[in-house]
Amino acid sequence: MSKKQNVKVPEGIVDYYAVYAIDRKAKTKEIRKLLLQKQGELRSHMSNGSLNGDEVMEKLQDAYNMIAAAVKIFKNEDRRKEYDKQLDAAYATGKIDVEAQKAAQDIYEEIEAMFLKGNYRGAIRKCMEALNNNICDFRIYLLLAQSYFALHDTDHSLESVEDGLRVHPDNLPLLKAGSRFANEGKKDFNRAQRYVNRMMEIDPQSPLAISEQSYLYLNTGREDLAYQMIDDYMEKHPSDVQFRKDCAHDLIGHSYSYYTKDPSSEGYVIASEENYNKCLDICNKAAGIYNDENVRTALDTATSFGQTVFNDENLEGILWLLIGGLVYAIVGLVLAGSGFSTIGQAGILALFIGALMSSPVLLIGILLLFCAWRLREVSYRPYWQIYKFIITGEREKKEKNIY
C-alpha cells in the first residue's frame, strides 16, 4: 500500500466530481483513467496552436491546468480519501468554492430562460458576455448555436458549434448539434455525416451518436436503416429509456416535414396521400418506441387527416340531380299512366317495367336519382384530399375518391 500523503487543499476547493460529472461511487482507477483521457485530448488539441488562436489557447490552458490538478487528487486511494474528507467538510461548513460553478450555472439558467421565452437575440448577447468572461461551459456554446439557428442563421449557428469544439473537441452534444444544424439548416448531409462519424469514433455505442445517425437516415429518405438502427440499440439496451424518448421525439420532429403550410389559415396541414401515409407510419413507429403526451398528440393529429367528411362543394350538384330526377320521374309516371290498364293485375314489378317501357322520361328521372345517390356516396373524402385541392388546386387520378 502506498504511503498516505496529505493533499493540500485550499479553503475553497473545487468539486471535481461536479465539474467533470463523475459518479462519487466510481472507482479511483476509473476516474483517473477518465481524467487522463480528457487531459490527453486537451494536450493533443493544444498542439494545434496555430489553428486555435490566442484566446482559445488561453481557455484550453486553463482547462488543462484544472484537469491536471484533478489528476493529482485521484493519483491513489489515499489521496482521494483525504480529498473526499476535506470536500465533505467544506460542504458541511459552507466553505466549498461553488461561486464559479454557481456563476456558470446561474448564467446558463438565465440564458436558457431567455431562449425558452423566444428572446433569441438577448440570449446571444448573454452567451457572448459569458464567453468573454471565460465561462466556457459547453452548454453556453450550445445555447448560442441554438439561438442563432432559431433566427434562421445557420452559418453563425455552425460557427458557434465549431468555436465550442475548439474548447471541447470531443463533446458529443456539440457534435450532435453540428450534425443537426447542418442537416436541417443547410441540407448539407455530408457535413452532418462527418459530425456523426466523429461521434462514432469517440464512442461507437453512444446513444447520442446512434440516435443522430438514425435521424440523418430519416432525412435522407432511408427510413428502413433508421428504424433498424433504433431497434438494434433498443434490443441491446432495453433499459435505456432516455434513448427511447429522444428517438421518439426525433421521429415526431421529422414527421412535421410532411406538413404543408396552408396560406388561408397560416396553419400546417397534410395535403397528399403520400405524405399522410408516411407521416402516420413515422408517428406509429414513435408511439411504439416511447408513448408520452407529445407523441400521442402528434399521432392523433396525423390520424385526423385521414378522417372523412362530406364535400360541401358537391351539395348543389346533388340537389339539382335530385330535383331533376324527381321531376322527370313524376312526369314519366303521368305519361305512363295511360298504359297501366293494359298491364292489368300482373303485379308491382310488371307495372313498373311497363311504366318504363311506356315512358323514357321516367327512365331519365330514375337515372338522375341514381346519379344523385352515387354522387352523395362518393362525396365523403379525407381531410388530406380537401387540403390538397385547397392548396394546389390539383386532383391526381391515382388518388381515389377525389370529387
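Residues numbered from 1 in each chain as written. Predicted model: local features only at pLDDT ≥ 70, side-chain atom pairs only at ≥ 80, totals over all residues. Heavy atoms only, no water.

Details of the overall build of the protein
Here comes step 1: From N to C terminus, the protein includes 21 helices and four strands.
Here comes step 2: Burial status across the protein gives 40% buried among its 403 residues.
Here comes step 3: By sequence separation, contacts in the protein at least 24 residues apart represent 64% of the contacts at least 6 residues apart.
Here comes step 4: Carbon and sulfur atoms form 54% of the exposed surface of the protein, whose accessible area is close to 23,100 Å². (Helix = DSSP H or I, 4+ residues; strand = E, 2+ residues; numbered from the N terminus. Buried < 20%, exposed > 50% of the residue type's maximum accessible area, 1.4 Å probe, protein only. Contact = heavy atoms within 4.5 Å. Areas by Shrake-Rupley, 256 points an atom, 1.4 Å probe, with all protein chains shown as cover.)

Brief notes about the packing of helix α10 (residues 172-186) against helix α11 (residues 189-202)
Here comes step 1: Remark: α10 packs on α11, axes separated minimally by 7 Å, with the N-to-C direction vectors making an angle of 160°. Here α10 is positioned roughly antiparallel relative to α11, judged by the angle of their axes. Remark: the crossing between α10 and α11 carries left-handed chirality. Every residue of α11 that contacts α10 at Leu 172, Leu 175, Lys 176, Gly 178, Ser 179, Ala 182 and Asn 183 is listed here: Phe 189, Arg 191, Ala 192, Tyr 195, Val 196, Arg 198, Met 199 and Ile 202.
Here comes step 2: Here the residues of the contact of α10 with α11 are counted per class, giving nine nonpolar, three polar and three charged. (Axes fitted to C-alpha atoms, helices over the stretch in contact; angles between N-to-C directions. Parallel < 35°, antiparallel > 145°, perpendicular 65-115°, else oblique. Left-handed = near helix turned anticlockwise from the far one by under 90°. Nonpolar A, V, L, I, M, F, W, Y, C, P; charged D, E, K, R; others polar.)

As for the pattern of salt bridges
When their charged atoms lie close together, side chains carrying opposite charge are able to pair.
Here comes step 1: With the rule as written, the count across this model stands at 16 salt bridges.
Here comes step 2: Among the ionic pairs, Asp 170 bridges to Arg 198, the shortest N-O distance being 2.3 Å. You can see Asp 170 sitting in the loop between α9 (154-167) and α10 and its partner Arg 198 sitting in helix α11, a full 28 residues away along the chain.
Here comes step 3: For Asp 170, a relative accessible area of 19% puts it in the buried group.
Here comes step 4: Given a relative accessible area of 30%, Arg 198 falls into the partly exposed group. (Salt bridge = Lys/Arg side-chain N within 4 Å of Asp/Glu carboxyl O.)

Observations concerning the environment of Asp 23
Here comes step 1: Along the chain, Asp 23 falls in the loop between α1 (16-19) and α2 (28-46).
Here comes step 2: Discounting chain neighbours no more than four positions away, the residues touching Asp 23 are Tyr 17 and Ile 31.
Here comes step 3: Only 3.0 Å separates the side chain of Asp 23 from the backbone nitrogen of Lys 25, close enough to count as a polar contact. (Polar contact = N/O pair within 3.5 Å; in protein donor to acceptor, adjacent residues only side chain to side chain.)

Section: a nonpolar patch on the surface
Here comes step 1: A contiguous nonpolar patch, built from Leu 315, Leu 319, Trp 320, Leu 322, Ile 323, Leu 326, Val 327, Ile 330 and Val 331 and spanning about 840 Å² of accessible area, is present on the exposed surface.
Here comes step 2: Inspection of the secondary structure assignment puts Ile 323 in helix α17 (residues 315-336). (Patch = residues over 30% accessible without salt bridge, like charges linked within 9 Å, V, L, I, M, F, W, Y side chains within 5 Å.)

Concerning the packing of aromatic side chains
Here comes step 1: A complete count under the given rule lists ten aromatic pairs for this structure.
Here comes step 2: Ring centres 6.0 Å apart and planes at 65° place the aromatic pair Phe 74 and Tyr 83 in the edge-to-face group. There is no split in this pair, since Phe 74 and Tyr 83 are both buried.
Here comes step 3: Aromatic ring contacts, followed pair by pair, group Tyr 16, Tyr 17, Phe 74 and Tyr 83 into a single cluster.
Here comes step 4: Just above the ring of Tyr 215 sits the side chain of Arg 180; from NZ or CZ to the centre is 3.7 Å. (Phe/Tyr/Trp six-rings, centres within 6.5 Å; stacked < 30°, edge-to-face > 60°. Lys NZ or Arg CZ within 6 Å of the ring centre and 35° of its normal.)

Here's the deal with the packing of helix α14 (residues 241-255) against helix α15 (residues 273-289)
Here comes step 1: Running from amino to carboxyl end, α14 crosses α15 at an angle of 165°, the nearest separation of the two axes being 9 Å. The orientation of α14 relative to α15 falls into the category roughly antiparallel. The handedness of the crossing between α14 and α15 comes out as left-handed. Contacts between α14 and α15 involve Arg 244, Ala 248, Leu 251, Ile 252, His 254 and Ser 255 from the former and Cys 279, Ile 282, Cys 283, Lys 285, Ala 286 and Ile 289 from the latter.
Here comes step 2: Class assignment for the residues of the contact of α14 with α15 results in eight nonpolar, two polar and two charged.

Topic: α14
Here comes step 1: Here α14 spans 21 Å end to end across 15 residues, near enough to the 21 Å set by a 1.5 Å rise per residue.
Here comes step 2: Considered for burial, the residues of α14 that qualify are Phe 243, Cys 247, Ala 248, Asp 250, Leu 251, Ile 252, His 254 and Ser 255.
Here comes step 3: In this fold, the buried residues of α14 make contact with α10, α12 (207-219), α13 (223-236), α15 and α16 (293-304). (Expected span 1.5 Å × (residues − 1).)

Geometry only, nothing functional implied.
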